[in-house]
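Examining the three-dimensional arrangement
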Amino acid sequence: MSQLRSGDSALMQELGDFPDDDLEVELVEKECRTVRHSVPEEGVELDSHVRDCVQSYTQPWLMVSRRCQGDSWSAYSERACLHKTLQKQTFESDVQPEKLETPVKSPSLAVLSDDSSRTLTSSDFDLRSGLTPDPRVEGLLHFSNHDDLDRFNQEARQGNRHPELFALYPPADEDDAVEIRPIPDCPKEHMGDRIIIRCQAIKFEIDIEPLFATLALYDLREKKKISENFYCDLNSDQFKGFLKPHTPQTDHSTLSRAAIFSITYPSPDIYLVIKIEKVLQQGEISDCAEPYMVMKETDSAKNKEKLEKLRNQSEMFCQRLGRYRMPFAWATVNIMNVISTATLDRDATDSDSLNGKSSSLEKRGQLPRRNSERFGTMEDQCNMSAFKPATITISTFCKQEGDRLSDEDLFKFLADIKKFSSLQRRIKTIPGTIRLDVTPVHDNPVACLSTELIPVKPLAEKNVRPVKEVLEFPSSEVYVPHSTYRNLLYVYPQRLNFVNRLTSGGRNITIKIQFMSGEDPSCLMPVIFGKSNGPEFVQEVYTPVTYHNKSPDFYEEVKMALPARLTERHHLLFTFYHISCQQKQNQTGASETLIGYSWLPILSTDRLQTGQYCLPIALDRLPVNYSLHSPERITPQVPPVKWMESHKGVFNLEIQAVSSVHTQDNHLERFFTLCHALEGGVTFPLRVREEKIPENKLEHELKLSIISLSSSRLEPLVLYLHLVLDKLFTLIMQPMVIAGQTANLAQIAFESVVSIVNSLHNSQELARDQQGRNGLLATYLYWVFRLPDSNELLNTGPGGVVPPTEGRYSTMGRASASTVGTMLLQSRLRSSSNPDIPAPHSAEDTEVKNILSAKGQNNPGSRMSTYVDVSSHPQSSTGGTRPSNRKQFHEELALQIVVSTGVCRENAYKYAWFFFELLVKSMAQHVSQLEKQDVPRRSRFSDRFKDDVTTIVSVVTAEIGTILVKQQKELEQAEKVNISLAFFLYDLLSLMDRGFVFILVKNYCNQMSTKTVSMPTLISMRLEFLRILCSHEHYLNLSLYFSSPASAPVSPCPSISSQSSSSCSFQEQRILGLFELSQEFKQQHYLAGLLLTELSAALDMESEGGKVQKKAINATYSLLCAHDLDQRCTRPDVRAKVATLYLPLVGIIIDSINYLDFTVSEARGGKSKTGGSDEDPDNIPPINQSIAMAIAGNPFNTLARNALASMASVQSAKAVATLSAETSRNLLLCFLWVMKNAERSLIQRWTVDMPSAQLNRLLELLTICVSCFEYRGKRSSDKVSTQALQKSQQAKMQLEDSLLRGIGARGEMMRRAGGSDRAGQRVNLRWRKDLTQWRQTNDKHDKTKAELDQEALISGNLATESNLIVLDLLETIVQAVPLADCKESVVGGVLRVLLHCLTCNQSTTFLSHCFSTLRALVVKFGDLLFEEEAEQCADLCQKVLQHCSSPVDGNRSQACATLYLIMRYSFSSANNFSRVKMQVTMSLASLVGKSSDFHEEYLRRSLRTILAYAEEDTEMQNTPLPSQVDELLRNLNSILSDTVKMREFQEDPEMLMDLMYRIAKGYQTSPDLRLTWLQNMAEKHKNRKCFTESAMCLVHAAALVAEYLSMLEDHKYLPVGSVTFQNISPNVLEESAVSDDILSPDEDGVCSGQYFTTSGLVGLLKQAAELFSNGGLYETVNEVYKIIMPVLEAHRDFRELVSTHEKLQRAFDNIIQKGHKRMFGTYFRVGFYGAKFGDLDEQEFVYKEPGITHLPEISHRLENFYSQCFGDALEMIKDSKDIDRSKLDANKAYIQITYVEPFFDDYEMKDRLTNFEKNFNLRRFMYTTPFTKAGRPRGELNEQYKRKTILTTMHTFPYIKTRINVIQKEEFDLTPIEVAIEDMQKKTRELAVATHREQPDAKMLQMLLQGSVGATVNQGPLEVAQVFLNEIPADPKLFRHHNKLRLCFKEFIMRCGEAVEKNKHLITFDQKEYQQELKKNYNRLRENLRPMLERKIPELYKPIKPRLGNRDSVKRLSFRRALEENS
């Protein structure tokens, strides 16, 4: 390998080292929605739990990232702009040629008149005259030296190349992208779908007083209020003035009129309820509402005084009772209906009154209760966020009923509304309107306030009315951990029950609610949130009053901000008053009368009080120290307290808290309390709820509380998850000193963590990502987890000081340097005493040596017993000092995992990912601390820790194995564990000694090669594992590191033995060995070796559906893709180095060539052998494909012949499933990448040394590459990828969801700054396929034009680049040829690939290089090409000629230069020019005939250019070359002229075929060209679905070949010329060869084509048989095979014989099965009359049309075509009478069409028995014309004559065209009685057939009977008999006819009788009557006919002399043309 190492050391250094500052541990500030964090009020000493909570919600995230991680992928995001940098490639298929000449005029039919006698050289116009040549290619003949030429070409090829191949290819399928670890969502406050509701107007009919609105959402289905209240009022300044005395100030935040509501669980039953209140006044609600119901502002004249009076009254009440409210009215609307209607129409107009019921939500059915964290289904998501802003107008209010105010009543109302969709009668309504605007919220609006009234970003500049966020009370649990401080209390007074109280004092009752911090009135706290237009916070709230109600219901909601520190003195105080509404005369003072008091302590045994309460009411006064007790349990006092209703509970209320500090869960609360007890600052015995815990019990209780953590409810556990885990990790880490004893809680804490992890994973409610990680835990690890702080729990006892939080990372240097030293010393001692652990070497790169000295398995030994940790014996038990050697979290954690047992162990390994990521993050923090002290990499971790890690990895691997062996159904689980293990090692590579990690990898591989698991599963496991490891950002450093074999780890996998032959020299083996997966390679490049070994094994394995192969290929693909797009690998030398790493891949791919999907190459229709036009989108594979196969001997004529044998054996040996097209493309792309980037000299030496069979396979591989990456054109629907992304939308959304949040292991390069990129919100384009240019969808419709252009641009560049790589490689191979032995096969093989390139759709850029290469080949190996590769040469001519007709100038000029060079070199080398001449002529003929859109004008221009080359070529002027070229070009030009004519008849297929027929006839003396034209005709017929004619063309072609073969070779088994073919069709005799003197087959260049061989003949015939079969002529198939069989037998080709007999069997089967159902052609006579038709005038043809063609169809077709030529001058003649020329208009054109039937004489009918025989080889046709002597066509029976016309055609049908000239016509007339005889014979025949069928058809039979014996048949049999048989005719000439008719009737009546009998057996029961009727009619007919049938003519029974006069009527006519034709 020396040549690899020379000069590499610098490069190795660069690639081989990790950067120093690879690891980053950084603190990232939390993004805060609001202007400031929500924190408790200032200046309060916080309780430790609250302090922890607040700290947890405000401290920055701690993130660990690696600097280069994701370098390779970052390029993906740049792809978005890729199209801007690419050059546009021109493809001929995309070019619309501009027409050079005026468009073809309507076909003038005169062109056919120039007779077919023209010579080949005559030309319509001279090339030199009207045309100027294209510009010539520079320097075509300049290079004297081959090397210069190669160098020049190579430089040209290397210019302007696209460096990154993978950037041009769509990303591979993401299903396999296991290496992407989605970055979890950044934790944030939960929000549902948010909508903003703005109050625009609240109007009643009259406007007399201030009104107040309260809005809230209610969920009817859950019977729950789902939002807090939002208060707003729209009162005018005048009315606000009324209330002035009662509003001390108005704060800005209370002016809001818009609210943001959040809905987590959208359901169709969510209602927005608006309650309206007014100021308290005298009277029931109904009295107060009456004016609103009866008066209108509009009748102001009438009501002016009344309204004024009412206003004054209300002003009075406002001044006196302004602080009290009363219920007034309410309204509601189903908010979800509004939203869904707005979503549906996206233009909802005002929704109707109360409940605009829309069904879209109903239809969607019940939504899932809670669907993971993304609440609701996707569909709802769209609904809620994508509706159009809507305006709701509610036009009716319901009056409030004083006795029905509670929420239960409200839900009843709502249920009624839902049920009856309108208001019930009994509800009184008030007219009025509310107008609300509803819009979805996307970004926070400006001037928004959070529910705590903290301004939300963005702030408003000026004083804008704020928008308030309304807190949601979700209808079910929400599983999102708390992330902000929130501490709110909601109080809901519900009802008072004063029924027994007799005094009238308490009737208008209100409750004053206050929050007190003590009993003194000064302890009143202003923590109650105010309502609208008033202060922000108030000290007291009054509930609305229900007039004269002794036990009122309340619906008030009082919202309070709870103080952060609560004491037992804090309580709620309720004071009950009676309000007197009317001022009595003598009363001056207040309107309140005290009734009593009640209260509720906020804390009960240190726990927040929430829930339902029923409190007693104390009269007169409050007891002393009342706040310490609840009112029910108050101690007796002196004087005694007076209670209402003897201390019974009379006041119902409910209290709810929304708090992120009060857990409201017993288990959690206990756990937190006990943990805080450890921190000190508490006095023992500790009180927890009802119990007291002394200090010595603390440890026991704490353990219990830790164990019971996992049994707490899921919701609170999730809400406080971050805090709980932090605490548990602290406990794992810290030995606790409790009462002087050390308590080790680590194990219990660890078990608790495991069980929490388990319960979170098992919960159905919580989401997981695609790697099975629970989202909440992943988020915690990524963002939140930090190493437990060492100081936090150390000091027990009083006076514990807690270090400030900021200190955490500034005091990172935890252990001093000396400590580190002692740790190192310890580890050294241990390792020297433990033989299993290598002692540190002094060498620099010790980690590598480490691997070598390690034994196969690391046995960690049982060290549980010896485990002693210094830190478990603290030096002093006071706990005040720190242990000198403290525990490290990662060590403790690893230890716990290793020593865990039972269920805990099982779950720890099941959810290993969590513990792995935890270990990694804690290790990273540890390393980042050590790095600050420059600790070397090897000494970062203790040996004990390494042992633990080894054990863990080994156990996890064993677990995977166990699952695979024992529990097949847990396969998915095993996959997930496997992936997490891989990620663990992947992370360790960045943290630990790499040698150590490699040992772990090796152990894994050894363990995972167990024999008991199915191979595919194992490989796929190992593949995913390796794929992740290889995605490491420093994978290249890891792989290229060991540059000498001595330092590499031993490969764990058995080698695949070297396949090169032993005879090679050592040097050769060296080079060949580089391309093989050798043992040496695996040792040197450890990871790469492992991956390629797996790939190789996967490709050799059978797996269902090729899943494993796909996985293996995609892994390799994604890895190469990463290198290609990696910023660090842009330099060519680095790329070459990386490519060297993958050389064995090339070997593997070449070996797996049999498995590639060839559909890619076959789909091209094998155009390599024909000029099938590239542009023709529905190109039916050209006709001679199978012949091409017969010649090439294999389906993809790409292999050299000598490789065939070896291939065949290989293919039979391994029947492995082929790969899918997509996977094949990925594999080939890898191959191309290596070839593009590898060192050129290396590849050249490799190809020189390669055995020829291997080289052939390489060439075949290149051919496949060309097809595979072919440009599909702008117009194809599925541009880039073969696979369209047909996954369900939802799967795609989920994938995007997880990927957009984070980009995983190879993820986004983490930006240095924090901020939004941090949260993974930067949309990474790699995953958003729909944002990049790769939207792989199948619908063309959903792509814009720009996108399509962009796609075309990129795929065009991909096609160009991949083809250029192939071209480079071909050049490399050819330039190595002089060194190789087998020149011929190499050059031939290369040429074959180049020709294949030319067949495909290529860009101009590529074509110019490709033609340069071809020219170089011609220059260098001309003789070889023209002599050896004749067949290829023909191909070459055709391809080049095809490009000569290209509309793209560049392509054309290159092709012309190439064609001229071919002519020149073929002339100068051994005078091969005649052969080239022939090939070019044939190519052109076939090109012209086949391609429908062939640009003949461009080709003419090219011919002119070639002429210019010949004229300008000074060297050749004195040779015959210029004149020969001139002659050739003139010939070509004349062929072109024919095509112009063909163009004109494009629309008239018959005319076109006639023309082609005539051209073919013109080549009678040139068999090659005639053959070409016959094939062209066959192709055209086949495209028109005329299979029989197509087959006939091929039979003619085969006959032609047979003629010439019989001249050349004399074999018994060959057909004797065309005579042999007579049985197929007599027409074939036309092909008998022209006499020998005109043409001899061995003349050079004649009959040299591929078809003039035995296999060519067989190929043509086989194809003909196939086409006959398609055309339904199965009998002919047999005839064709009769000619093939002898040839096959002579060649002993039994395989072919088998398939032949199979085909014959199929043909005969078809004959039997289809029987009389077969359809043959329909024939029409078409006559053309009129001078306008030119040649066609007075010509008659018989046209053959498909099976069931009706006259109108053909008539319509011809009329359409010819009316385009003649416009209105065309007339269709509708009858079939003879045409009288004199009566026709000379300026018109007439067409007459008649249906004709085949006609046979009686003697012929004996031979033509079957249906087929009656429809094959037809020359005579007949049609009948009815007439009467009077001139009308039809008349009475006795005057009805008929004329029969019989036509004879020139050839028999079927022929090589579908219309044939009529050459003879005979007519004879039938008299009326003869007509009658014919009719009766026909009827009789039909009856006989119907009666005697094997399976009679009852319907058919009854129809015929009905027509024969039916009573009322007009002109039926009876009438015929009466007309002709009633009396004996007078004219003796008619005697015979009379008698014949009489006999006909006799037979007829007999057949009728049979039929009636037959019918009797066929009828069903219900047809009995019908049968009787038939029988009766039959009898009646028989009786009526009997007298006529029995009367014989006596004269007939006398002998009379025969007379012949009755044949006068026959006139023999013949056309004037018929004679000429025959002559």
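Values in this document were obtained by computation on a predicted structure and should not be read as measured data.

Re the overall build of the chain
Along its length, the chain carries 65 helices and 38 strands. Counting only residues that meet the buried cut, the chain has 57% of its 2023 residues in that class. With the model as given, the accessible surface of the chain reaches about 85300 Å², and the carbon-plus-sulfur share is 51%.

Observations regarding the sheet that holds strand β22 (residues 592-601)
The sheet built from four strands is open, its strands ordered β19-β16-β21-β22 with antiparallel pairing. Two strands bound the open sheet, and with one partner strand each, they are β19 (540-542) and β22. Shown here is a sheet whose adjacent strand axes are inclined to one another by a mean of 20°, direction ignored. For strand β21 (residues 571-579) and β22, the ladder comprises nine bridges, and the chain directions are antiparallel. Bridge pairing in β22 places histidine 571 opposite proline 601.

Remarks on the pattern of salt bridges
This structure, assessed with the given rule, holds 75 salt bridges. The shortest N-O distance in the salt bridge between arginine 713 and glutamate 715 comes to 3.9 Å. With a shortest N-O distance of 2.8 Å, arginine 1859 and aspartate 1554 are connected by a salt bridge. Here aspartate 1554 lies in helix α52 (residues 1549-1562) and arginine 1859 lies in strand β37 (residues 1859-1870), a separation of 305 residues in the sequence. Judged on exposure class, the residue arginine 1859 and its partner aspartate 1554 are both buried. It is possible to trace a salt-bridge network through shared partners that takes in Arg33, Glu189, Arg194, Glu452, Glu469 and Arg486.

With respect to the environment of serine 705
Summarising the element assignment, serine 705 is placed in helix α15 (residues 698-707). Separated by 31 residues in the primary sequence, serine 705 and leucine 674 have C-alpha atoms spaced 8.1 Å apart. Ignoring sequence-local partners within four residues, the contact set of serine 705 consists of Arg670, Phe671 and Leu674.

A look at unusual backbone geometry
Put simply, lysine 457 and proline 458 share a cis peptide bond, and its omega is -5°. With respect to the element layout, proline 458 can be found in the loop between β13 (455-456) and β14 (467-469). Backbone torsion omega between phenylalanine 1853 and proline 1854 reads -10°, so that peptide bond is classified as cis. Structurally, proline 1854 can be placed in the loop between β36 (1841-1853) and β37. A positive phi is found at threonine 605, a non-glycine position, where the angle reads about 40°.

With respect to the pairing of strand β10 (residues 390-399)
The element β10 is extensively covered by neighbouring structure, given that seven of its ten residues are classed as buried. Bridging between strand β9 (residues 325-334) and β10 involves two bridges; their strand directions are antiparallel. If you follow alanine 329 over to β10, its bridge partner there is lysine 399. Two elements, β10 and strand β11 (residues 429-440), share eight bridges in a ladder whose sense is antiparallel. Note that in β11 the partner of threonine 393 across the bridge is arginine 435.

Points about the packing of aromatic side chains
The full count for this structure, using the stated rule, is 54 aromatic pairs. For the ring pair phenylalanine 729 and phenylalanine 889, a centre distance of 5.6 Å and an interplane angle of 75° mean the geometry is edge-to-face. Separated by 160 residues along the polypeptide, phenylalanine 729 in helix α17 (residues 721-733) and phenylalanine 889 in helix α23 (residues 889-899) bring together distant segments of the chain. The same class applies to phenylalanine 729 as to phenylalanine 889, namely buried. Between phenylalanine 1728 and phenylalanine 1741, the aromatic rings sit 6.0 Å apart at their centres with planes inclined by 75°, giving edge-to-face as the arrangement. One end of the pair, phenylalanine 1728, is in strand β31 (residues 1722-1729); the other, phenylalanine 1741, is in strand β32 (residues 1740-1745), and 13 residues separate them in sequence. Across the pair, exposure class does not vary: phenylalanine 1728 and phenylalanine 1741 are buried alike. Geometry around phenylalanine 529 places lysine 559 over its ring, the cationic atom sitting 4.4 Å from the centre. Here the basic side chain of arginine 1464 rests over the ring of tyrosine 1465, its NZ or CZ set 5.8 Å away from the ring centre.

Observations concerning the pairing of strand β2 (residues 61-66)
With five of six residues buried, β2 lies mostly within the body of the structure. Here strand β1 (residues 23-28) runs beside β2; their pairing, made up of six bridges, is antiparallel. The partner of valine 25 across the bridge, within β2, is valine 64.

Considerations on helix α61 (residues 1898-1909)
Given 3.6 residues to a turn, an α-helix orients residues that are three or four positions apart in the same direction. Counted at 1.5 Å a residue, the expected span for α61 with its twelve residues is 16 Å, and the 16 Å between its end C-alpha atoms agrees. Among the residues of α61, Leu1901, Gln1902, Leu1904, Leu1905, Ser1908 and Val1909 are the ones counted as buried. One face of α61 carries all of its buried residues, which in axial projection span an arc of 165°. In α61, the exposed positions angled more than 90 degrees off the buried face are occupied by Lys1899 and Met1903. At its buried positions, α61 is contacted by α60 (1872-1891), α62 (1917-1924), α63 (1935-1962) and α64 (1968-1990). The N-terminus of α61 is capped by aspartate 1897, whose side-chain oxygen sits 3.2 Å from the backbone nitrogen of lysine 1899.

Section: the packing of helix α19 (residues 775-784) against helix α25 (residues 912-931)
Contact geometry for α19 and α25: axes closest at 10 Å, N-to-C directions at 5°. With respect to α25, the element α19 is oriented roughly parallel. Contacts between α19 and α25 involve Leu777, Ala778, Leu781, Tyr782, Trp783 and Val784 from the first element and Trp913, Phe914, Glu917, Leu918 and Lys921 from the second. Of the residues in the contact of α19 with α25, the class split is nine nonpolar, no polar and two charged.

So, the packing of α60 against α63
Their axes nearest at 9 Å, the elements α60 and α63 cross at an angle of 25°. The orientation of α60 with respect to α63, classified from their angle, is roughly parallel. As for the relative orientation of α60 and α63, their crossing is left-handed in sense. In terms of residue class, the contact of α60 with α63 is built from twelve nonpolar, five polar and seven charged.

As for the side chain of serine 1776
Among the structural elements, serine 1776 can be located in the loop between β33 (1770-1773) and β34 (1789-1798). Overall, the relative accessible area of 15% leaves serine 1776 in the buried class.

Side note on the state of the cysteines
Within the structure shown, the criterion is met by zero disulfides. Cysteine 1586 takes part in no disulfide bond, and the closest cysteine sulfur to it belongs to cysteine 1593, at a distance of 10.0 Å.

Some details on the environment of valine 95
Along the chain, valine 95 falls in the loop between α5 (82-85) and α6 (146-158). The exposure class assigned to valine 95 is partly exposed, which follows from its relative accessible area of 24%. Put simply, valine 95 and proline 1447 are 1352 residues apart on the chain and 7.5 Å apart in space, counted from C-alpha to C-alpha. The contact partners of valine 95, leaving out residues within four places of it in the chain, are Thr90, Pro1447 and Val1448.

Comments concerning helix α13 (residues 407-420)
With 14 residues, α13 should cover 20 Å at 1.5 Å per step; its first-to-last C-alpha distance of 20 Å lies within 8% of that length. Considered for burial, the residues of α13 that qualify are Asp409, Leu410, Phe411, Phe413, Leu414 and Ile417. Buried residues belonging to α13 abut β4 (211-219), β5 (224-225), β8 (270-279) and β9. Two residues or fewer after α13 comes serine 421, characterised by a positive phi angle close to 50°.

Quick word on the confidence of the model for the chain
The predicted model of the chain averages 77 in pLDDT, with 77% of residues at 70 or higher. For the stretch residues 1277-1341, pLDDT sits under 50, and the model shows 166 contacts to residues farther than four places along the chain or on other chains. Segment residues 2005-2023 is flagged for pLDDT under 50; beyond a separation of four residues in sequence, or across chains, it makes 21 contacts in the model.

A word on the environment of valine 955
Along the polypeptide, valine 955 turns up in helix α26 (residues 943-966). Spatially, the C-alpha atoms of valine 955 and valine 898 are 8.9 Å apart, while their sequence positions differ by 57 residues. Here valine 955 is in contact with Arg905 and Tyr909, once residues within four sequence places are set aside.

Calculation rules
Residues numbered from 1 in each chain as written. Predicted model: local features only at pLDDT ≥ 70, side-chain atom pairs only at ≥ 80, totals over all residues. Heavy atoms only, no water. Helix = DSSP H or I, 4+ residues; strand = E, 2+ residues; numbered from the N terminus. Buried < 20%, exposed > 50% of the residue type's maximum accessible area, 1.4 Å probe, protein only. Areas by Shrake-Rupley, 256 points an atom, 1.4 Å probe, with all protein chains shown as cover. Pairing = 2+ DSSP bridges. Axes fitted to C-alpha atoms, helices over the stretch in contact; angles between N-to-C directions. Salt bridge = Lys/Arg side-chain N within 4 Å of Asp/Glu carboxyl O. Contact = heavy atoms within 4.5 Å. Phe/Tyr/Trp six-rings, centres within 6.5 Å; stacked < 30°, edge-to-face > 60°. Lys NZ or Arg CZ within 6 Å of the ring centre and 35° of its normal. Expected span 1.5 Å × (residues − 1). Arc of directions from axis to C-beta. Polar contact = N/O pair within 3.5 Å; in protein donor to acceptor, adjacent residues only side chain to side chain. Parallel < 35°, antiparallel > 145°, perpendicular 65-115°, else oblique. Nonpolar A, V, L, I, M, F, W, Y, C, P; charged D, E, K, R; others polar. Left-handed = near helix turned anticlockwise from the far one by under 90°. Disulfide = S-S within 2.5 Å. pLDDT = per-residue confidence, 0-100.

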